[in-house]
Amino acid sequence: MRKLSSCITLKPASEEASYEAAIKVNPNNAPKRSPGEFSINAVASHTKLWPEHRWLTISFVDNPPTALQDAIEQLIWQWDPHVSLIFGVSKDANADIRISTNTTLNGSSIGTDALTVEAGEPTMYIGLKPSDPDFKVTVLHEFGHALGLEHEHQHPHANIPWNKPKVYKAYAAQFGWTKELVDDQLFTPKGTDSLRIAPYDKTSIMHYPVDKEFTDGIWEVGTYTELSEQDITSVGEFYPKNNY
Ligand SMILES: [Zn+2]
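These numbers come from a predicted model, not from an experiment. (Residues numbered from 1 in each chain as written. Predicted model: local features only at pLDDT ≥ 70, side-chain atom pairs only at ≥ 80, totals over all residues. Heavy atoms only, no water.)

### Brief notes about the coordination of the zinc ion
For step 1, the next point in the chain: Binding of the zinc ion to the protein goes through C7 (SG), H141 (NE2), H145 (NE2) and H151 (NE2), at separations of 2.0 to 2.1 Å.
For step 2, the next point in the chain: Bound by four donor atoms, the zinc ion shows angles of 98 to 120° at the metal and therefore tetrahedral coordination geometry.
For step 3, the next point in the chain: Here the donor residues for the zinc ion map to a single chain with the spacing C-x133-H-x3-H-x5-H. Of this pair, C7 sits in strand 1 (residues 7–10) while H145 sits in helix 3 (residues 135–146), and the two are 138 residues apart along the sequence. Of the two residues, C7 and H145, both sit in the buried class. (Donors = N, O, S within 2.8 Å, 3.2 Å for Na, K, Ca; no water. Tetrahedral: all angles 85-135°; square planar, octahedral: opposite > 155°, others 65-115°. Helix = DSSP H or I, 4+ residues; strand = E, 2+ residues; numbered from the N terminus. Buried < 20%, exposed > 50% of the residue type's maximum accessible area, 1.4 Å probe, protein only.)

### A word on unusual backbone geometry
For step 1, the next point in the chain: The phi dihedral of N63 falls on the positive side, at around 50°, and the residue is not glycine.
For step 2, the next point in the chain: Along the chain, the position of N63 falls in the loop between strand 2 (55–60) and helix 2 (66–76).
For step 3, the next point in the chain: The backbone of N159 shows a phi angle near 50°, a positive value even though the residue is not glycine.
For step 4, the next point in the chain: Structurally, the position occupied by N159 is in the loop between helix 3 and helix 4 (164–175).

### Thoughts on the nonpolar core
For step 1, the next point in the chain: If you look at the biggest cluster of nonpolar residues, it comprises 34 residues, and the most contacted ones within it are W79, F87, I97 and F143.
For step 2, the next point in the chain: Listed by contribution, the elements that provide at least two residues to this core are strand 2, helix 2, strand 4 (97–100), strand 6 (124–126), helix 3 and helix 6 (229–238).
For step 3, the next point in the chain: Looking at this core element by element, the count peaks at six residues for helix 3.
For step 4, the next point in the chain: Leave out the neighbours within four places in its chain, and F87 touches W55, L56, I58, I76, W77, W79, D80, F143 and L147. (Core = buried A, V, L, I, M, F, W, Y, C linked by side-chain atoms within 4.5 Å. Contact = heavy atoms within 4.5 Å.)

### Digging into the sheet that holds strand 6
For step 1, the next point in the chain: If you trace the six strands from one edge of the open sheet to the other, you get 1-5-6-4-2-3, paired in mixed fashion. What marks the edges here is a single partner per strand, and that holds for strand 1 and strand 3 (86–89). Adjacent strand axes in the sheet meet at a mean angle of 25° when their direction is disregarded.
For step 2, the next point in the chain: Bridge analysis of strand 5 (residues 106–109) against strand 6 gives three bridges, and the strand direction is antiparallel. Following the sheet pairing, S108 is matched in strand 6 by M124.
For step 3, the next point in the chain: Against the sheet, helix 3 engages strand 1, strand 2, strand 3, strand 4, strand 5 and strand 6, with an angle of about 15° to strand 5. (Pairing = 2+ DSSP bridges. Axes fitted to C-alpha atoms, helices over the stretch in contact; angles between N-to-C directions.)

### Concerning the packing of helix 2 against helix 3
For step 1, the next point in the chain: Close contact between helix 2 and helix 3 brings their axes to 9 Å; oriented N to C, the two are set at 60°. Classified by the interaxial angle, the pair formed by helix 2 and helix 3 is oblique. Here helix 2 and helix 3 pass one another in a crossing that is right-handed. Touching L68, A71, I72, L75 and I76 of helix 2 are F135, K136, V139, L140 and F143, all from helix 3. (Parallel < 35°, antiparallel > 145°, perpendicular 65-115°, else oblique. Left-handed = near helix turned anticlockwise from the far one by under 90°.)

### Focus on the packing of helix 4 against helix 5 (residues 179–187)
For step 1, the next point in the chain: One way to put it is that helix 4 packs onto helix 5 with a least axis distance of 10 Å and a crossing angle of 115°. Between helix 4 and helix 5 the crossing geometry is right-handed. Contacts between helix 4 and helix 5 pair K164, V167, Y168 and Y171 from the former with K179, V182, D183, L186 and F187 from the latter.

### Observations concerning the pattern of salt bridges
For step 1, the next point in the chain: Within the structure shown, the criterion is met by six salt bridges.
For step 2, the next point in the chain: The partner of D183 in a salt bridge is K179, and the shortest N-O contact between them spans 3.6 Å. Residue D183 and its partner K179 are located together in helix 5, separated by four residues, close to a single helical turn.
For step 3, the next point in the chain: Classification of K179 by relative accessible area gives partly exposed; the value is 46%.
For step 4, the next point in the chain: Each of K11, D184 and K190 takes part in one network of salt bridges that share partners. (Salt bridge = Lys/Arg side-chain N within 4 Å of Asp/Glu carboxyl O.)

### A look at helix 5
For step 1, the next point in the chain: Every buried residue of helix 5 is accounted for by V182, D183, D184, Q185, L186 and F187.
For step 2, the next point in the chain: Of the surrounding elements, those touching the buried residues of helix 5 are strand 1 and helix 4.

### Examining the pairing of strand 3
For step 1, the next point in the chain: Of the pairings in the sheet, the one linking strand 2 to strand 3 comprises four bridges and is parallel in character. Residue pairing across strands places W55 opposite I86, the latter belonging to strand 3.
For step 2, the next point in the chain: The parallel pair strand 2 and strand 3, bridged by helix 2, forms a crossover whose chirality is right-handed. (Right-handed = clockwise from strand over helix to strand, strands pointing away.)

Function cannot be read off these values alone, since they describe shape.
Written as structure tokens, this is what we have:
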């Protein structure tokens, strides 16, 4: 059986804290409604994007070996040409993105949810080492979350024909995940219309690979190890470079 993906999107301290942090740092995160549109759950429909052209500071919380830190930074920088944010690695314990490598987890806060994480605590976990074949895809993927991207397999239009009982069983056996956690990270559609401006993209770096063993036996998604064209377009629309 192939290795399963196990990235966990970290929950904000609370939905209210998520909303407040998102709006405070970037008022454009407020829910957008077209005239006549009615939303009964405004809190759940805000975006979590950093302000355009903002410095986004990044630090490592547990002093990783230089080679590991360099390998992570190099991959993070693959996003840099496509966004107006200015990445800056620092030793600041209060940097926006705080990466822990001394872990077995892989996961990240979504965008400005990182601001709801207690000072000094990690906002991102990268447990894989550069020798792992999934290291590259994992670092690119986790930093996509830090830029505000949700899981692509949870795109409201994904319609993946999951074999749910099999998925629950495999995640319980391999990672000890509860049914609730599997629901939250794989099955529950995520993202508002304003966040999901792009159509569903099977080749996104934000998509877990899906073996046909876990679907109807036909549907599958391979491992894509590069930012997809649409990943690049999406972050370019979130953080346009020439929008002064
Ligand atoms: Zn993820």
